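# Report on the structure
In case you want the letters, here they are:
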Amino acid sequence: MAQITSSPPISPRLGRRPDLLGAVMARLGAMVGAGVFIGIGIGAGVAGPAVTLAILLAALVAICTGFSSARLALGYPAGESTYEYGYKYLNRFLGFIAGWMFLLAESAAAATAALGVGGYLLGFLHLPGGQVWQMGLGLLAVLLPTGLLLAGRRRSAPVMALVGGVTVVVLVGFVLAGLPILDANGLKHFVPFFVPPSTGVSPWRSVLHATALLFVAFAGHQQIHRQVQENIPGPGESFQVTAIALGVATALYLAVAVVAIGSAGAGSFATLTRTTAAPLALIADSFPLPGMGLVLALGAILAMLHMVFHLLLRLSRMTVVMSRRRDMPLRLARLHKPESLPEAAVAGVGLLVAGLVVLVGDLDTLWALSAFGALVYAAITNLSALQLPTDAQRLPRIVATVGLVTSLFLAFWVEPAIWITGCALVLAGLAWKWGMHWGR
């Protein structure tokens, strides 16, 4: 008979004493995915060339939140997520909202990445385009990782580092191959830099909107948790890994954005993102270097397929943690084999992401939902960090304060329909929590 048993921590580990490069590359493997291959194009459709400024602003919010996550992991090594930090340092309602928004943000991000895999596969295999084909391949991109997880496969830190390294090499190749076209075009695609006022949208409103959307591109910055305390030599090293990984990711995003916009123009970049979900591969096809489009497509498929697997794993773990606290049905935490992920949790999150791929199927909507959830989650992370004792702060409180104010502010710069839907989901989640505990 299946029983609920205690099991060793199932959080990802980098290994006992990893080198700094390995730790950074593993973090990049969790961070560089749909954000660079799809998210930048979505941001370009909102802010035009000023998406480059939005990337810098999003990076600032991300690094404040990343440092808050590091402080929390060092101060509460038994915790694994903002869901648990919220329960410990805030209250059960904010803790639950963190977990609920985590499920929203990560499932929407996984669905976006799956659709991205579908888009880049269509180009790589030279298959007919169209939303039906893209959704079909996206569905396969969810079912394959779900099957691997059900079979007991899990990703490791070396795999994450390898994926991160390959992705960085591919993106650097894209930038270098596009420099001749960028040089030939000059600044013609960057003027005007801001979205013209004639569009009816304030330039700064466009930048703030794009910043909110681009924050999701740095979502992997919160992959810290217990590994910071146990697997990186000390507090200084953990903050160093966070800063270096975010710095490298920011530089990559900026370079890719400049080359893509400089080569095709912000409008074409955004249109390719919306219609094909494979914008960088199509832009790379125009570069002088033969085969760059295929190489880019292959790198994007690898990175985003790994991202889907990684997010499904994280979603499964969060479902288990929430179930054990009775915030989700308890049967989702039942283990049928020792030291395995509960099959019900894996199947449940797989169905959730697959449902988003099929029922929503729109990149802009899914990305914006992920942005709202990630920003609310980040706000609770920073608020939790502010509750740490003074001797556990390790960095000035202004860092967490800036992270809290900016993430909460940006959450309401996505489309009104999205943040209204997000708020409705928060209320629905609280009603669910009340019903779960009232019914016991």
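Refer to the structure printed above.
Attention here is on the structure that accompanies the text. (Residues numbered from 1 in each chain as written. Predicted model: local features only at pLDDT ≥ 70, side-chain atom pairs only at ≥ 80, totals over all residues. Heavy atoms only, no water.)

### Quick look at the packing of aromatic side chains
Our working definition: We call Phe, Tyr and Trp rings a pair once their centres come within 6.5 Å, taking the six-membered ring for Trp, and we label the pair stacked below 30 degrees between planes, edge-to-face above 60, and tilted otherwise. Secondary structure is summarised from DSSP: a helix means a run of H or I of at least four residues, a strand means a run of E of at least two, and numbering begins at the N terminus for each. To sort residues, take the accessible area from a 1.4 Å probe on protein chains only and compare it with the maximum for the residue type: under 20% means buried, over 50% means exposed, and anything in between is partly exposed.
According to the stated counting rule, one finds 11 aromatic pairs in the structure shown. Measuring from centroid to centroid gives 5.4 Å for Phe96 and Trp100, while their planes differ by 25°, and the two rings are stacked. Residue Phe96 and its partner Trp100 are both found in helix α5 (residues 92–124); the two are separated by four residues, about one turn of the helix. Accessibility expressed as a relative area gives 0% for Phe96, which makes it buried. Seen from their ring centres, Phe372 and Phe412 are 6.0 Å apart, and the 85° between their planes marks the pair as edge-to-face. With Phe372 in helix α15 (residues 363–386) and Phe412 in the loop between α16 (397–410) and α17 (416–438), this residue pair connects regions lying 40 residues apart in the sequence.

### A word on the environment of Ala34
The criterion, for reference: Contacts are residue-level and defined by heavy atoms, with any inter-residue pair within 4.5 Å sufficient.
Mapped onto the elements of the fold, Ala34 is located in helix α2 (residues 34–47). Each C-alpha atom, one on Ala34 and one on Val216, is 9.1 Å from the other, the two residues being 182 residues apart in sequence. In contact with Ala34, other than residues within four places in its own chain, are Gly39, Ala113, Met304, Met307 and Trp367.

### Some words on the packing of helix α13 (residues 292–324) against helix α14 (residues 343–359)
In helix packing, the relevant descriptors are the interaxial angle and the interaxial distance, both defined with respect to the helix axes. Put simply, the rule is: Every axis in this analysis is a line fitted to C-alpha atoms, fitted for helices over the stretch in contact. Angles between the N-to-C directions lie between 0 and 180 degrees. Oblique is the label for any angle not under 35 degrees, not over 145, and not in the 65 to 115 range, which are roughly parallel, roughly antiparallel and roughly perpendicular in turn. For any pair of crossing helices, the crossing counts as left-handed if the nearer helix is rotated counterclockwise from the farther one by less than a right angle, and right-handed if it is rotated clockwise.
Running from N to C, α13 and α14 point in directions that differ by 125°, and their axes come no closer than 9 Å. With respect to each other, α13 and α14 are oriented oblique. Classified by chirality, the crossing of α14 by α13 is right-handed. On α14, the residues touching Leu312, Leu315, Ser316, Thr319 and Val320 of α13 are Ala345, Val346, Val349, Gly350 and Val353.

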